[in-house]
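A structural walkthrough
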Amino acid sequence: MMNKLYKFWITLLAIIGGGSFIYFLLIFIKLGPASTFNYFWLLLAMLCIGLIAAIQYFAKRGKRPPKWVVLPMEILVGIGFLCFIIIEGIIIYASLGKPEAHADYLIILGAKVNGTYPSLILKYRIEAGAQYLKQNPETMVIASGGKGADEGISEAQCIYNELVKLGIEPERILLEEQSTSTKENLLYSSEFLQKEENSVVVTTTDFHLFRAVQVAKKCGYRNVSGNNAKSVWWLIPTNYTREFFAILKDFLCGNLL
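Keep in mind the model is a prediction, meaning the values are calculated, not measured.

1. Things to note about the pattern of salt bridges
Any two side chains of opposite charge can pair if their charged atoms end up close together. Throughout the structure, instances matching the rule amount to six salt bridges. With its nearest N and O atoms 2.6 Å apart, the salt bridge here joins Lys 123 to Glu 127. Linking Lys 123 with Glu 127, this pair stays in helix H4 (residues 120-135), spanning four residues, or about one helical turn. Judged by relative accessible area, which is 36%, Lys 123 ranks as partly exposed. Judged by its relative accessible area of 34%, Glu 127 falls in the partly exposed class. One salt-bridge network, in which partners are shared between bridges, spans Arg 211, Glu 243 and Asp 250.

2. Observations regarding the sheet that holds strand S4 (residues 140-144)
The five strands are arranged S5-S4-S1-S6-S7 in an open sheet whose pairing can be described as parallel. Taken across any chain shown, the strands that pair with only one partner, and hence form the sheet edges, are strand S5 (173-176) and strand S7 (223-229). If you compare each strand with its neighbour and ignore which way they point, the axes differ by 25° on average. Bridge analysis of S4 against S5 gives four bridges, and the strand direction is parallel. Each residue of the ladder has a partner; that of Val 141, found in S5, is Ile 173.

3. Focus: helix H6 (residues 182-189)
Every buried residue belonging to H6 is among Thr 182, Asn 185, Leu 186 and Ser 189, and all of these are buried. One side of H6 carries all its buried residues, which in axial view fall inside an arc of 85°. Packed against the buried residues of H6 are strand S1 (105-109), S4, S5, strand S6 (199-205) and helix H7 (209-218).

4. Considering the packing of aromatic side chains
Both the distance between ring centres and the angle between the ring planes are used here to describe each pair of aromatic rings. For the structure shown, the criterion picks out 13 aromatic pairs. Plain terms: the ring middles of Phe 84 and Phe 244 are 5.1 Å apart, the flat faces sit at 70° to each other, and that makes the pair edge-to-face. With Phe 84 in helix H3 (residues 67-95) and Phe 244 in helix H8 (residues 236-252), the pair connects residues that are 160 residues apart, well separated along the chain. Lying across the ring of Tyr 124, Lys 230 places its NZ or CZ 4.5 Å from the centre.

5. Some words on the pairing of S1
A large share of S1 lies buried, amounting to five of its five residues. The two faces of S1 match: Tyr 105, Ile 107 and Leu 109 on one face and Leu 106 and Ile 108 on the other face are all buried. Where S1 meets S4, five bridges bridge the pair, whose relative direction is parallel. Within the sheet, the bridge partner assigned to Ile 107 lies in S4 and is Ile 142.

The rules behind these values
- Residues numbered from 1 in each chain as written.
- Predicted model: local features only at pLDDT ≥ 70, side-chain atom pairs only at ≥ 80, totals over all residues.
- Heavy atoms only, no water.
- Salt bridge = Lys/Arg side-chain N within 4 Å of Asp/Glu carboxyl O.
- Helix = DSSP H or I, 4+ residues; strand = E, 2+ residues; numbered from the N terminus.
- Buried < 20%, exposed > 50% of the residue type's maximum accessible area, 1.4 Å probe, protein only.
- Pairing = 2+ DSSP bridges.
- Axes fitted to C-alpha atoms, helices over the stretch in contact; angles between N-to-C directions.
- Arc of directions from axis to C-beta.
- Contact = heavy atoms within 4.5 Å.
- Phe/Tyr/Trp six-rings, centres within 6.5 Å; stacked < 30°, edge-to-face > 60°.
- Lys NZ or Arg CZ within 6 Å of the ring centre and 35° of its normal.

Geometric descriptors of this kind do not, in isolation, establish any biological role.
Structure follows, in structure tokens:
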């Protein structure tokens, strides 16, 4: 007969696996197969199914898994979960900060462009940037982002177009159209300013703010703060989970302080 501990783990894994699979289907329907990270949720669902099968195997035979298998797994899962909680806490805390007022430059980081129109995540960044620029009329803005193979115009040009529609004077907007990553956004944008002298505010989505500011500091920016744009609500689980792995990657690659 299956004991309460086995039942607890099977129930928990079923909830996690089922939720992950439903979320995978929703994102797949919304964004299609091109959303690469979405397959993380499918893999997580499959892992949960495999663990449930393993638990049922041992439960039916009245056995316990070997300690040499369970103990390392428990340690790895425990460390991984602790790291995830700490890093997510740092991400959320950083997103609550306020940008420095009257900055010399505002950098708006690019995101996906659909044809010639901004994706929802880029639209929110542009709106947050425009709001800051209206409150700080002396601040120059750098629209940063290159053109992907599936984009009709560069992300920088899209940012420029939308800022002008929102009432920002064209002469305040500088275009950086070569970058393909957060690090390149900030490196190439720095060619328009003095990193060690000018005050800079980076505008990006809330989950991305911590990493963007830290990468900026690593690139030599001395006076930098973040201006957060809201997330697309139905992408919050994907974006915050993906950002956890992105921070680990940038840390290992030496892109963070």
